[in-house]
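Spelled out, the chains give:
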Number of protein chains: 2
Amino acid sequence: MIKIGVIGTSAITKESMLSALSTKLYKLQVVYSRKLESAQRFGEQFGVTEYETDLECFVNREDIDLVYIASPNASHFSQVCTALKARKHVVVEKPAFVTAKQWDTALQLAKENNTYLFEAIRTAYEPNFNIVTKTIKNFEKIDGAILNFCQFSSRIEDVYHGIEHNIFSKEHAGGAIMDLGVYLLHAALSWFGEPTDIDYDAQLLWTGVDGQGVIRLTYPTFSVYGHISKQVQSYVASEIYTKEMTLSIQSIDRITDITLINKKTNEKQILSVPAHPDRMIAEWQAFFDILQGKDQEFYQERLQIGRKVTEITEQLRRQVGILFKEDDEERG
Amino acid sequence: MIKIGVIGTSAITKESMLSALSTKLYKLQVVYSRKLESAQRFGEQFGVTEYETDLECFVNREDIDLVYIASPNASHFSQVCTALKARKHVVVEKPAFVTAKQWDTALQLAKENNTYLFEAIRTAYEPNFNIVTKTIKNFEKIDGAILNFCQFSSRIEDVYHGIEHNIFSKEHAGGAIMDLGVYLLHAALSWFGEPTDIDYDAQLLWTGVDGQGVIRLTYPTFSVYGHISKQVQSYVASEIYTKEMTLSIQSIDRITDITLINKKTNEKQILSVPAHPDRMIAEWQAFFDILQGKDQEFYQERLQIGRKVTEITEQLRRQVGILFKEDDEERG
């Protein structure tokens, strides 16, 4: 049983803890929040009675093995480092970091302290994601792809009315590419490898971050277009094209249907397995296996892709002038 | 009864003549081909016994009112001019012309000779196309669109094996943007108006024309992405986005389904009418009405959009280095 301490008391923290606990592999031990009330309110839902409001005390507790971090994006880095230095394993919500340099620092700390660091990019751990990866590996030649992750956020309406939420705030490293782009880029890099060229046609909000945009990933013989939006809602599948086939994927957010269509015969082959009703259970099972010493190659691969995704989002943000304080610090 | 003379004896000519004749408004009178045999073989299917192999003799016949032209793209211009000078109305298959300058010359000739000139862009005449146009006019603000017209052509396989077909030949002004792009651009200009900026991310074939690509149309407050391909097959709908709604259109090639989806309630409203089984009948009915003096504003609008589409394809081709002999002639 792995004992978890959590940072963050939001809806995503609750969902993730419900998933982790349902595996019977984890125990929620301690809740950290700067405000005791928030920690208590969150903890009570899980029957947890241990709270901390001091981060150093929290990460140094002997009764936790792993720290789960679901704070605003811009807070991840310092909290991850603090936890790793206290020799705790870390699961940090996506996007784990704002810059590749933060990744390098955190990976170095994990190595020095002999701890595991996981980015909770839930989609990449689900069985259907891996089915797509394997299917594509067998394609002789890819002719292109259109990936679509346009998911309307009701909070955008507040932005339209002049109210700034964390997820659309520059201060908290928000915006479409940070929130949705990372899923799409994790998929693209897992499926197609590293692109030779990248660019981003972004639409910026008054808050200074992107509400939506189109990411183009260029590969030697094809292009991948990624449509992302927190402003509009798309209902269509993503598609990957070959000379013979169209691989239809519904959807990047959560792959429930994978259909391989022969474009000449229109014959359809369903490749997907039923998706688990709990969308976060696969990652928690995978983290446990890795913590037990299994699947170390897969672990390293996810870290490398995670770091590369951040490097790419960083470059794309710079292209369109979305600079966070972390970028300034590094340049300064 | 309007008496037609046809140029071109291909499958598209046959389909179009079957549609025209089924309206009972037209009669197929004469078939022109450089080879008498081809003209006869085509004419026999319609019980036509008048053939011509000399273009001047053909267009000057007293027993035809209208010339329908479905020859390779690069042949349209001179044939259109020849027919207009002989004071015949002209219906020319899309893309009518290769350059905007050709449009200007042809429009001037039509004016001087008091004749009508129609581009047979069948999609734009169908009732569902107009339903989309009207629906969009009522949108307060558009947040973007992804239009998709990726239609695999079996002839691309010959190109892969080193064989050049007219539709993929530079000599005949072929390629994806000339063949499919014009449909997509007609739709975009009819629905969103003229863009402020355009660009084309094209993939060129060894024949020197584009097998597929992505057209970006920039408008002051949104972007329209148009995915076109003759190499791969897409199965997804096109989508137009607003703050409140997603308008789903299946498909640009032939609009059979238009669904307006409220992105908050997921409530769906079907706006399409049943599409006529004959996809070319609407244009032939429209041409007849216009020839009778009706819908003159609509006629002028289609000509203006047709010319603008050609101007845009010309600019996009130049961006990616697809230059036809017509371009060289004009520059030279």
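Residues numbered from 1 in each chain as written. Chains lettered and ligands numbered in written order. Predicted model: local features only at pLDDT ≥ 70, side-chain atom pairs only at ≥ 80, totals over all residues. Heavy atoms only, no water.

## So, the packing of helix α5 (residues 100-112) of chain B against helix α10 (residues 296-320) of chain B
Residues and elements named next belong to chain B.
Inference 1: The contact between α5 and α10 brings their axes to 8 Å, and the two run at 155°. Comparing their axes, α10 and α5 come out roughly antiparallel. Residues A100, W103, D104 and L107 of α5 form the contact with α10, whose participating residues are L303, G306, R307, T310, E311 and E314.
Inference 2: By residue class, the composition of the contact of α5 with α10 is four nonpolar, two polar and four charged. (Axes fitted to C-alpha atoms, helices over the stretch in contact; angles between N-to-C directions. Helix = DSSP H or I, 4+ residues; strand = E, 2+ residues; numbered from the N terminus. Parallel < 35°, antiparallel > 145°, perpendicular 65-115°, else oblique. Contact = heavy atoms within 4.5 Å. Nonpolar A, V, L, I, M, F, W, Y, C, P; charged D, E, K, R; others polar.)

## Thoughts on the environment of G193 of chain B
Residue and element names in this part refer to chain B.
Inference 1: Mapped onto the elements, G193 comes out in the loop between α8 (176-192) and β8 (197-204).
Inference 2: Each C-alpha atom, one on G193 and one on Y235, is 26 Å from the other, the two residues being 42 residues apart in sequence.
Inference 3: Contact partners of G193, with chain neighbours within four places excluded, come to A188 and Y219.

## Description of unusual backbone geometry
Inference 1: In the segment running from Q250 of chain A into S251 of chain A, the intervening peptide bond is cis, with an omega of -5°.
Inference 2: Cis rather than trans, the peptide bond between K94 of chain B and P95 of chain B has omega equal to -10°.
Inference 3: Relative to the helices and strands, P95 of chain B is located in the loop between β5 (89-93) and α5.
Inference 4: Phi at N114 of chain B is positive, roughly 55°, even though this residue is not glycine.
Inference 5: In this fold, N114 of chain B is placed in the loop between α5 and β6 (117-120).
Inference 6: When its relative accessible area of 68% is taken as the criterion, N114 of chain B is described as exposed. (Buried < 20%, exposed > 50% of the residue type's maximum accessible area, 1.4 Å probe, protein only.)

## Considerations on the relation of the copies chain B and chain A
Inference 1: Its rotation angle being 180°, the transformation that places chain B on chain A also includes 0.0 Å of axial translation and leaves an RMSD of 0.0 Å. Each copy turns onto its partner about a two-fold axis. The C-alpha atom lying nearest the rotation axis in chain B is that of V236 of chain B; the distance is 2.9 Å.
Inference 2: The overlap is high: 100% of the interface residues of chain B also sit at the interface in chain A, so the same surface is used on both sides. (Least-squares fit on C-alpha atoms with pLDDT ≥ 70 in both.)

## Here we look at the domain arrangement of chain A
Residues and elements named next belong to chain A.
Inference 1: Under the domain assignment, chain A is made up of domain 1 (1-119 + 280-293) and domain 2 (122-274).
Inference 2: Put simply, the middle of domain 1 and the middle of domain 2, counted by C-alpha atoms, are 27 Å apart.
Inference 3: In this assembly, 13 residues from domain 1 lie in contact with 14 residues from domain 2.
Inference 4: Between domain 1 and domain 2, roughly 1,100 Å² of surface is buried when both sides are summed, and carbon and sulfur atoms account for 65% of that area.
Inference 5: Taken together, domain 1 and domain 2 are joined by one salt bridge. (Domains from an automatic or database assignment. Buried area = accessible area lost by both parts, 1.4 Å probe. Salt bridge = Lys/Arg side-chain N within 4 Å of Asp/Glu carboxyl O.)

## Some thoughts on the pairing of strand β12 (residues 245-250) of chain B
The side chains of a regular strand alternate, first on one face of the sheet and then on the other.
Residues and elements named next belong to chain B.
Inference 1: Pairing between strand β11 (residues 238-242) and β12: four bridges, direction antiparallel. Each residue of the ladder has a partner; that of Y241, found in β12, is T246.
Inference 2: Between β11 and β12, which pair antiparallel in sequence order, lie two residues.
Inference 3: Where β12 and strand β13 (residues 257-262) come together, six bridges link them in antiparallel fashion. Bridged to S248 within β13 is T259.
Inference 4: Count of turn residues in the β12/β13 antiparallel hairpin: six residues. (Pairing = 2+ DSSP bridges.)

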